[in-house]
Amino acid sequence: MTQWEVVKDVLQEVTQDVAKALHNDCPSSPRKMRLVADIIRGVEVDKALAILKFSKKEASNKLEKVLLSAMANWQAKNEGADIEEANLIVKEIMVDSARQLKRLRPAPQGRGHRIRKRSNHITLILGTKDNK
């Protein structure tokens, strides 16, 4: 076994309890998305799903899909384990701004006002309570 294979095995063991999901270019303002993301940061997965399901904000639907994707990624890494017994929490959630689509809207007296249609990148990392 070479040195690189040993390092690869060690990294796999370390990242066994961590799962990640990304959603790039989500067509919503980062500010609106962060309002919902701050609510579920550090919360258990079951409770976070319940919060997102019953939230009235549009951003909660998109965050729910990202959370379900991260749970599926964790399940794929740990095939024999059960999600309920793993005590997963939302370890990190980051909402970064992405590209802006710039449009012009007609304004009085022949002028034009710029409209910025914002989008964001969502990064969600799940971990166990032990690795908090």
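Preceding block: the structure.
Cut-offs and rules
Residues numbered from 1 in each chain as written. Predicted model: local features only at pLDDT ≥ 70, side-chain atom pairs only at ≥ 80, totals over all residues. Heavy atoms only, no water. Patch = residues over 30% accessible without salt bridge, like charges linked within 9 Å, V, L, I, M, F, W, Y side chains within 5 Å. Areas by Shrake-Rupley, 256 points an atom, 1.4 Å probe, with all protein chains shown as cover. Salt bridge = Lys/Arg side-chain N within 4 Å of Asp/Glu carboxyl O. Lys, Arg positive; Asp, Glu negative; His and termini not counted. Charge placed at Lys NZ, Arg CZ, Asp CG, Glu CD. Helix = DSSP H or I, 4+ residues; strand = E, 2+ residues; numbered from the N terminus. Buried < 20%, exposed > 50% of the residue type's maximum accessible area, 1.4 Å probe, protein only. Pairing = 2+ DSSP bridges. Core = buried A, V, L, I, M, F, W, Y, C linked by side-chain atoms within 4.5 Å. Contact = heavy atoms within 4.5 Å. Axes fitted to C-alpha atoms, helices over the stretch in contact; angles between N-to-C directions. Left-handed = near helix turned anticlockwise from the far one by under 90°. Nonpolar A, V, L, I, M, F, W, Y, C, P; charged D, E, K, R; others polar. Parallel < 35°, antiparallel > 145°, perpendicular 65-115°, else oblique.

All right, on to a negative patch on the surface then. On the surface, a cluster of negative charge is made up of Asp46, Asp82, Glu84 and Glu85. Take Glu84: it is sitting in helix 5 (residues 83–86). Judged by its relative accessible area of 54%, Glu84 falls in the exposed class.

Here strand 2 (residues 88–106) pairs with strand 3 (residues 112–128) via 16 bridges, running antiparallel. Within the sheet, the bridge partner assigned to Ser97 lies in strand 3 and is Asn120. Turn length for the strand 2-strand 3 hairpin, with the two strands adjacent in sequence and antiparallel, is five residues, and the turn residue Gln109 shows positive phi of about 60 degrees.

Turning next to the nonpolar core. Counting 28 residues, the largest nonpolar core has Leu63, Leu67, Leu124 and Leu126 as the members making the most contacts within it. Broken down by secondary-structure element, the contributors of at least two residues to this core are strand 1 (19–26), helix 2 (30–40), helix 3 (45–53), helix 4 (59–77), helix 5, strand 2 and strand 3. In this view, Leu124 contacts Ala19, Lys20, Ala21, Val66, Leu67, Ala70, Val90, Glu92 and Ile93; residues no more than four positions away in its chain are not counted.

Here we come to the environment of Asn78. When you line up the elements, Asn78 lands in the loop between helix 4 and helix 5. Each C-alpha atom of the pair Asn78 and Gln16 lies 7.1 Å from the other, and the pair is 62 residues apart in sequence.

This next bit is on the packing of helix 2 against helix 3. Close contact between helix 2 and helix 3 brings their axes to 9 Å; oriented N to C, the two are set at 145 degrees. Our pair here, helix 2 against helix 3, has a crossing hand that is right-handed. Where helix 2 abuts helix 3, its residues Val36, Ile39 and Ile40 lie against Ala48, Ile51 and Leu52. Tallied by class, residues from the contact of helix 2 with helix 3 come to six nonpolar, no polar and no charged.

A few words on the pattern of salt bridges. Between side chains of opposite charge, a pair can form as their charged atoms come close. In this structure the tally under the stated criterion is three salt bridges. Notably, a salt bridge pairs Asp38 with Arg41, separated by 2.7 Å at the nearest N-O pair. For Lys129, the salt bridge is made with Glu44, and the minimal N-O distance between the two is 2.6 Å. Taken together, the residues Lys129 in the segment after strand 3 and Glu44 in the loop between helix 2 and helix 3 connect sequence positions 85 residues apart.

One can describe the packing of helix 3 onto helix 4 by two numbers: an axis separation of 9 Å at closest approach and a directional angle of 155 degrees. For the element pair helix 3 / helix 4, the angle class is roughly antiparallel. Considering how the two elements wind past one another, helix 3 and helix 4 form a crossing that is left-handed. In this structure, helix 3 uses Val45, Ala48, Leu49, Leu52 and Lys53 to contact helix 4, whose residues at the interface are Ser60, Leu63, Glu64, Leu67, Leu68 and Met71. Grouping the constituent residues of the contact of helix 3 with helix 4 by class yields eight nonpolar, one polar and two charged.

Non-glycine residue Asp25 carries a positive phi angle of around 55 degrees. Considering the arrangement of structural elements, one finds Asp25 in strand 1. With phi around 60 degrees, Gln109 is a residue other than glycine that occupies positive phi space. Taking relative accessible area as the criterion, Gln109 reaches 72% and is therefore assigned exposed.

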